[in-house]
Amino acid sequence: MEFAGWEDLFSEIILERGWDYFEKGCIDSLSVKNGEANSKVSGTNNYSVKIKWNGTNISSMSCNCPFDGNCKHIAAVMYALKEIKEPDENSLDELKDLVSKADAKIVRTFLFEILKDDEELAERFKNLTTPSDKELDVEPFIKKAKKIANQCSDAYGFVDCYSISDGIEKIEQIFEKDLPLFLDKKQFFSACELVTKIFETFFDLQDDDEGSLYVLAEICTNAMKRILKTENLEAESFLFDWCTEYLESTHWDSYSMNEQIESFFMENFNHGQNAQRKLAYTKKRAEAGNSYWMRTYLTALEENKAPWKEIAGYCKSRIEDETVRDWYVNQCTEKGFTGEAIQILEDACKSETDNHKLKILKERLKNLYSKNNDREKLYETLWWLVENGGYSVDYLNLFKELKTFYDEESWKNEREKIFAKASGNSLCELYKNEKLFDRMLPVVLKSYFLDDIIKYADDLSNWTEELLDKCEELLRKQAESSSSRNQYKNIARNLKLLRKIKGGEKRIKILLSDWKHKYHRRKAMLEELGIC
């Protein structure tokens, strides 16, 4: 399978590590259908990867590992997909032609020989040939799901990370091959029973990272959506009742499965009688004071096109709840009721004691004051954020906004207060904005990261030798403390970065020459640096 420009979505080092994972056989399972791939990749832990595409273009990629961005696990799966050959349409046509021309007795004999040795195919053939007026039997599928669940878990109910991928694939096969038989025969009640009972078979299992159960729950809810597309009212009511019964129960062991059902419930049942039932149900749950259900009730009110007066009244009666308050402020802002949004946030600031939450409130107020052109309150809020915002504040944007309040001479004094608050890269960005490169230099030279030095190399082109000295110092320390191939690969990457500084190539040659002799026993290091 070929995808356009997918390698550009990854850094060079991630691609290298992804290729290593692919070559080492770290992909434990891979299922591909309808423009979507689901895979399990083993590494430090076992992670779930999902990739979607449209034609030759990747539309989304995700992995439940801690890495922020497109990771090596996703890259490994992309390499695996690249190896898969698309079905040859000519070959399929030839096969159809062969079957259609074959003698009926030969076909029956051949089919019997296959079915007698394959219980699953035999059951599927039985259902396929069952008359439409006769109910299909759900029980064999439930027994199969229970057997799969037992095979994928230990005696304590914990998911076996090595076998769960195969289990998920088998459940997918049931929904892909067998569920359509129930729908085609218009046996909607049995179809609902099939999907919900399979889901129930797994929801008592426990998964350390919940990635596997999340995928399984998603497969089940997708099957439910397929049933809803038939627009059968009895099936819709069945699934509505099942969802509410499930949500009323306590299933604390599997947050990811709960999340899938909550999402399915809120995304569907938006028309007719069940829309009113959903509104009544969410209102009942919201009355218990649960933030999630209050927010869900507000969504249901919107879906039912409730008057704004009713929605606003409900929000004001629950304004102490952060979730409701934030939602109401967003709605007021979108509808142009900026004054109302400001008043709510200002009141919240008066009672908030947590500095982090107070900072978030102030940042929202800053944006609203700017939108309302309230220069006095904007000025006060900007300085509050500078003084109290802490390390996470965006000093550069505050800096630029505050600068608009001063003339050139006054600003030279005022900016020093912000310089005193900022540090590291934030301070460098402020100096860069003011073109104070001589003051930026000592900040950059204090960095422990070569990336930071490279980042500002162009701005500090008058101090190339000082930058190169610092880079060399960092690289020598890195070489001294490295002992694994991955660490050596990182050194090689940093050497490449050094080329971006004028004179960097010369320093690289000096380092390589020194290391070739000093670390001649480190074969892996010399291999990665290409100086064997």
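Everything numeric here is computed off the predicted structure, so don't read it as measured data. (Residues numbered from 1 in each chain as written. Predicted model: local features only at pLDDT ≥ 70, side-chain atom pairs only at ≥ 80, totals over all residues. Heavy atoms only, no water.)

**Observations regarding the pattern of salt bridges**
1) Next: Inspection of the entire model under this criterion finds 40 salt bridges.
2) Next: Measuring nitrogen to oxygen at the nearest pair gives 2.8 Å for the salt bridge that ties Arg507 to Asp469. Taken as a pair, Arg507 in helix 26 (residues 504-518) and Asp469 in helix 24 (residues 464-481) lie far apart in primary sequence, 38 residues in all.
3) Next: When its relative accessible area of 42% is taken as the criterion, Asp469 is described as partly exposed.
4) Next: Between Glu528 and Arg485 there is a salt bridge; the shortest N-O distance is 2.6 Å. Within this pair, whereas Glu528 is found in helix 27 (residues 523-529), its partner Arg485 is found in helix 25 (residues 485-498), the two being separated by 43 residues in sequence.
5) Next: For Glu528, a relative accessible area of 23% gives the class partly exposed. (Salt bridge = Lys/Arg side-chain N within 4 Å of Asp/Glu carboxyl O. Helix = DSSP H or I, 4+ residues; strand = E, 2+ residues; numbered from the N terminus. Buried < 20%, exposed > 50% of the residue type's maximum accessible area, 1.4 Å probe, protein only.)

**A look at the environment of Asp20**
1) Next: Looking at the element boundaries, Asp20 is found in helix 1 (residues 12-23).
2) Next: Here the alpha-carbon distance between Asp20 and Lys72, two residues 52 residues apart in the chain, equals 8.9 Å.

**Focus on the pairing of strand 1 (residues 27-33)**
1) Next: As judged from the six bridges shared by strand 1 and strand 2 (residues 36-42), these two strands associate in the antiparallel manner. Bridge pairing in strand 2 places Ser29 opposite Lys40.
2) Next: Once strand 1 ends, the chain turns through two residues before running back antiparallel as strand 2, passing Asn34 with a positive phi of about 50°. (Pairing = 2+ DSSP bridges.)

**Looking at the packing of aromatic side chains**
1) Next: Under the definition given, this model contains 27 aromatic pairs.
2) Next: When the centroid spacing of 5.1 Å and the interplanar angle of 85° are considered together, the rings of Tyr292 and Trp293 count as edge-to-face.
3) Next: A residue is classified by how much of its surface remains accessible, and Trp293, at 5% relative accessible area, is buried.
4) Next: Ring centres of Tyr297 and Tyr314 lie 4.9 Å apart, and the angle between their planes is 70°; on these two criteria the pair is classed as edge-to-face. Taken together, the residues Tyr297 in helix 13 (residues 291-303) and Tyr314 in helix 14 (residues 308-317) connect sequence positions 17 residues apart. Side by side, Tyr297 and Tyr314 carry an identical accessibility label, which is buried.
5) Next: Through a chain of ring-to-ring contacts, the aromatic side chains of Phe240, Phe264, Phe265, Phe269, Tyr281, Tyr292 and Trp293 assemble into a single cluster. (Phe/Tyr/Trp six-rings, centres within 6.5 Å; stacked < 30°, edge-to-face > 60°.)

**Things to note about a nonpolar patch on the surface**
1) Next: Judged by side-chain polarity, Leu95, Leu98 and Val99 come together as a nonpolar surface patch covering roughly 300 Å² of accessible area.
2) Next: For Leu95, the location among the structural elements is in helix 3 (residues 89-101). (Patch = residues over 30% accessible without salt bridge, like charges linked within 9 Å, V, L, I, M, F, W, Y side chains within 5 Å. Areas by Shrake-Rupley, 256 points an atom, 1.4 Å probe, with all protein chains shown as cover.)

**Focus on the sheet that holds strand 4 (residues 57-63)**
1) Next: Strand order in the open sheet formed by four strands is 1-2-3-4, and the pairing between neighbours is antiparallel. The sheet is open, and its two borders are formed by strand 1 and strand 4, each paired with just one other strand. Neighbour-to-neighbour, the strand axes of the sheet open up by a mean angle of 15°, direction not taken into account.
2) Next: Sheet analysis places strand 2 next to strand 3 (residues 46-54), joined by seven bridges and oriented antiparallel. Considered in strand 3, the bridge of Ser42 is made with Asn46.
3) Next: Of the strands in this sheet, strand 1, strand 2, strand 3 and strand 4 touch helix 2 (residues 72-83), which is tilted by about 55° from strand 3.
4) Next: Set on the sheet, helix 7 (residues 164-184) makes contact with strand 1 and strand 2; between it and strand 1 the angle comes to about 15°. (Axes fitted to C-alpha atoms, helices over the stretch in contact; angles between N-to-C directions. Contact = heavy atoms within 4.5 Å.)

**Overview of helix 1**
1) Next: Its 12 residues give helix 1 an end-to-end C-alpha distance of 17 Å, which sits within 8% of 16 Å, the value for a rise of 1.5 Å per residue.
2) Next: Here helix 1 has its buried residues at Ile13, Ile14, Leu15, Gly18 and Tyr21.
3) Next: Of the surrounding elements, those touching the buried residues of helix 1 are strand 2, helix 2 and helix 25.
4) Next: Directly beyond the C-terminal end of helix 1, a positive phi value near 75° is found at Gly25. (Expected span 1.5 Å × (residues − 1).)

**Things to note about the nonpolar core**
1) Next: Among the nonpolar cores identified, the biggest contains 78 residues, and Ile418, Leu495 and Trp515 are the most heavily contacted of them.
2) Next: Ignoring anything within four residues of it in the chain, the contact list for Trp515 reads Leu475, Arg476, Ala479, Ile491, Leu495, His520, Met525, Leu526 and Leu529.
3) Next: Counting 53 residues, the second-largest nonpolar core is a separate cluster that includes Ala145, Phe175, Leu239 and Phe264. (Core = buried A, V, L, I, M, F, W, Y, C linked by side-chain atoms within 4.5 Å.)

**A closer look at helix 12 (residues 272-286)**
1) Next: The end-to-end C-alpha distance of helix 12 is 22 Å, a good match for the 21 Å that 15 residues give at a rise of 1.5 Å each.
2) Next: By the burial criterion, the buried members of helix 12 are Asn274, Ala275, Lys278, Leu279, Tyr281, Thr282, Arg285 and Ala286.

**Some points on the environment of Asp133**
1) Next: For Asp133, the position within the fold is in the loop between helix 5 (119-128) and helix 6 (139-151).
2) Next: As a C-alpha pair, Asp133 and Gln187 span 54 residues in sequence and 9.3 Å in three-dimensional space.

**Quick look at the packing of helix 24 against helix 25**
1) Next: At a minimum axis distance of 10 Å, the contact between helix 24 and helix 25 shows a crossing angle of 170°. The angle between helix 24 and helix 25 falls in the class roughly antiparallel. Residue-level inspection shows Leu468, Cys471, Leu475, Gln478, Ala479 and Ser481 of helix 24 in contact with helix 25, the latter providing Gln487, Asn490, Ile491, Asn494, Leu495 and Leu498.
2) Next: When the residues that make up the contact of helix 24 with helix 25 are grouped by side-chain class, the tally is seven nonpolar, five polar and no charged. (Parallel < 35°, antiparallel > 145°, perpendicular 65-115°, else oblique. Nonpolar A, V, L, I, M, F, W, Y, C, P; charged D, E, K, R; others polar.)

**Points about the side chain of Lys359**
1) Next: By the secondary structure assignment, Lys359 is in helix 17 (residues 355-372).
2) Next: Classification of Lys359 as buried rests on a relative accessible area of 6%.
3) Next: Dropping the residues within four chain positions of it, Lys359 is found in contact with Trp384, Leu385, Gly389 and Ser392.

**Thoughts on the packing of helix 8 (residues 188-202) against helix 10 (residues 233-248)**
1) Next: Between helix 8 and helix 10, the shortest axis-to-axis distance is 9 Å and the interhelical angle comes to 20°. Taken together, the axes of helix 8 and helix 10 lie roughly parallel to each other. Every pair of crossing elements has a handedness; the one defined by helix 8 and helix 10 is right-handed. In this structure, helix 8 contributes Phe188, Phe189, Cys192, Glu193, Thr196, Phe199 and Glu200 to the contact, and helix 10 contributes Ala235, Phe238, Leu239, Trp242 and Tyr246. (Left-handed = near helix turned anticlockwise from the far one by under 90°.)

**Describing the confidence of the model for the protein**
1) Next: Mean pLDDT over the protein works out to 89, with 96% of the residues at or above the 70 mark.
2) Next: The secondary-structure element of the protein with the lowest mean pLDDT is helix 5, recorded at 76, while helix 22 (residues 437-445) shows the highest, at 97. (pLDDT = per-residue confidence, 0-100.)

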